Amino acid sequence: MNANPYPSRLEKLREVLQVHQLDGLALNPGPDFKYLTGLNFHLMERPVVLLVPSSGTPALVLPELDSGKLDKLPFAVTDWQYSEDRSSWPVAFKAALQAAELEQANLGMIPRRLRVLELRYLEQAGPEVKFLPAQEALASLRMIKDPEEVAAMEEAVRIAQCALSTTLSVFEAGVTEKEIASKLVQWLLHHGSEPELPFFPIVSFGPNSANPHASPSDRPLTEGDLVLIDWGASVNGYCSDITRTFAFGDLNPELEKIGEFVHLANRAGREAVQPQVPARRIDQAAREVIISAGYREYFTHRTGHGLGLEAHEEPYLAADQETLLLPGMTFTVEPGIYLPGRGGVRIEDDLLVTEQGVRSLSTLPREVLRLDAEDPFGVERC
Ligand code: CO
Ligand code: CO
């Protein structure tokens, strides 16, 4: 086990920055920052930026009140602290940019993370700096998980699966989506998830399950409902993201049929995974099953997304994605069929690409099981 993976991540980052012709990287707290340093900052109104030059010592701009975090940094930085007096903020940014020798840099940043707040201070400190997107450079590192990262994800899957198994006993006619969601959250925390869940669980009954991103409502559980649950746990910042769909009572025959097709599509997607296959082929494999069943227009989203420190990250499994799958990549396969006004089925697993092929981290039964059965998951126990 590698207790301190961060210095080698920093070295690899420097290599990919050079490959992408970037002189450095500006990162504010978030998943990339955590990946590189192991540190969580509560990002609020005060700017925090780590400047990583492709060679030389990184520089960190931070508020004085967060200076206690400096001891926990896994590599040396120059630190530039500012006080509650706002006039000290631009001074800290200017000094940090100079110390990292990035005043005229092609400076990478993450467009979906860096805020206008930090960007404005950086622009002011370095009018000649060119800001360029560095998403791809970082994704190329983060996509390949090391054994510690995989272990955290496996634990996040185990916790999520236990939490659902425990929650299943609460289902009865009349219980609402919100009641089930709150029990599920309670059991996720009880079984060991960090309180910051990857996302609030989706629990949707009957027609609501036809909305892939439904949020739990006061709808009561009713005989004949499909019950879609999409949930995850978080361990050391690493996420799980699983979906299972159940039946409450007897289903209308068409709803039963779409359950079988989605189950087959999920299997086809999982079986298509192996090293060196482009990501789009997984989407194609799952989608073909649904198209040939006659439900092309009812599978309204891509087949999956990368999973790690973020619940959605690279690689994406969609028709236009050429990214080659490689050992160490982790992502979901989650085909669905959604019949508006009637109900939807999605079956989502968390997969790891291995040297030999693929391993599913999630292991709960995948078929649409009856919730009113004695013990829907049979021998699955925590
Ligand atoms: Co999900
Ligand atoms: Co997902």
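Structure report, in brief. (Residues numbered from 1 in each chain as written. Chains lettered and ligands numbered in written order. Predicted model: local features only at pLDDT ≥ 70, side-chain atom pairs only at ≥ 80, totals over all residues. Heavy atoms only, no water.)

1. Points about the overall build of the protein
1) Next: When helices and strands are tallied, the protein shows 9 helices and 19 strands.
2) Next: Computed over C-alpha atoms, the radius of gyration of the protein comes to 23 Å, within 12% of the 21 Å expected from 2.2 N^0.38 for 382 residues, which places it in the range of a compact globule.
3) Next: Along the longest, intermediate and shortest principal axes, the C-alpha atoms of the protein span 70 × 40 × 40 Å.
4) Next: Across the 382 residues of the protein, 55% fall into the buried class.
5) Next: Pairs at least 24 apart in sequence give 67% of the contacts found in the protein among residues at least 6 apart. (Helix = DSSP H or I, 4+ residues; strand = E, 2+ residues; numbered from the N terminus. Rg over C-alpha atoms; globule rule 2.2 N^0.38 Å. Buried < 20%, exposed > 50% of the residue type's maximum accessible area, 1.4 Å probe, protein only. Contact = heavy atoms within 4.5 Å.)

2. Some remarks on the sheet that holds strand 1 (residues 24-27)
1) Next: One open sheet holds the 6 strands; their spatial order is 4-3-2-1-5-6, and the pairing between them is mixed. Two strands in the sheet have a free side with no partner beyond their single neighbour: strand 4 (78-82) and strand 6 (130-133). Shown here is a sheet whose adjacent strand axes are inclined to one another by a mean of 25 degrees, direction ignored.
2) Next: Sheet analysis places strand 1 next to strand 5 (residues 106-109), joined by 3 bridges and oriented parallel. (Pairing = 2+ DSSP bridges. Axes fitted to C-alpha atoms, helices over the stretch in contact; angles between N-to-C directions.)

3. Overview of the coordination of the cobalt ion (ligand 2)
1) Next: Looking at the cobalt ion (ligand 2), one finds its protein donor set to be Asp-241 (OD), His-305 (NE2), Glu-334 (OE) and Glu-348 (OE), positioned 2.1 to 2.3 Å from the metal centre.
2) Next: Classification of the site at the cobalt ion (ligand 2) rests on its 4 donor atoms, whose angles at the metal span 79 to 154 degrees, yielding the label irregular.
3) Next: Along the chain, the residues that donate to the cobalt ion (ligand 2) are spaced as D-x63-H-x28-E-x13-E.
4) Next: Metal-to-metal, the separation of the cobalt ion (ligand 2) and the cobalt ion (ligand 1) is 3.0 Å; Asp-241 coordinates the two. With a gap of 64 residues between them, Asp-241 in the loop between strand 10 (238-239) and strand 11 (242-248) and His-305 in strand 12 (residues 304-306) connect regions that are remote in the sequence.
5) Next: With a relative accessible area of 3%, Asp-241 lands in the buried category.
6) Next: Given a relative accessible area of 2%, His-305 falls into the buried group. (Donors = N, O, S within 2.8 Å, 3.2 Å for Na, K, Ca; no water. Tetrahedral: all angles 85-135°; square planar, octahedral: opposite > 155°, others 65-115°.)

4. Points about the environment of His-312
1) Next: Mapping His-312 onto the fold places it in the loop between strand 12 and strand 13 (313-317).
2) Next: In the structure, His-312 is positioned 265 residues away from Pro-47 in sequence and 25 Å away in space, judged by C-alpha atoms.
3) Next: A distance of 3.3 Å separates the side chain of His-312 from the side chain of His-305, its partner in a polar contact. (Polar contact = N/O pair within 3.5 Å; in protein donor to acceptor, adjacent residues only side chain to side chain.)

5. Description of the pairing of strand 6
1) Next: Note: strand 5 against strand 6, 4 bridges, orientation parallel. Across the sheet, the residue bridging to Asn-106 is Lys-130, located in strand 6.
2) Next: As a crossover connection, the stretch from strand 5 through helix 4 (residues 116-125) into strand 6 is right-handed. (Right-handed = clockwise from strand over helix to strand, strands pointing away.)

6. Quick word on the sheet that holds strand 8 (residues 225-231)
1) Next: A sheet is described by the order of its strands in space; here 4 strands give the open sequence 7-8-11-19, paired in mixed fashion. At either end of the open sheet lies a strand with only one pairing partner, and these are strand 7 (202-205) and strand 19 (369-370).
2) Next: As paired strands, strand 7 and strand 8 are joined by 4 bridges and run antiparallel to one another. Each bridged residue has a counterpart across the sheet, and for Ser-204 the counterpart in strand 8 is Leu-228.
3) Next: Running at roughly 150 degrees to strand 7, helix 7 (residues 177-190) makes contact with strand 7 and strand 8 of the sheet.

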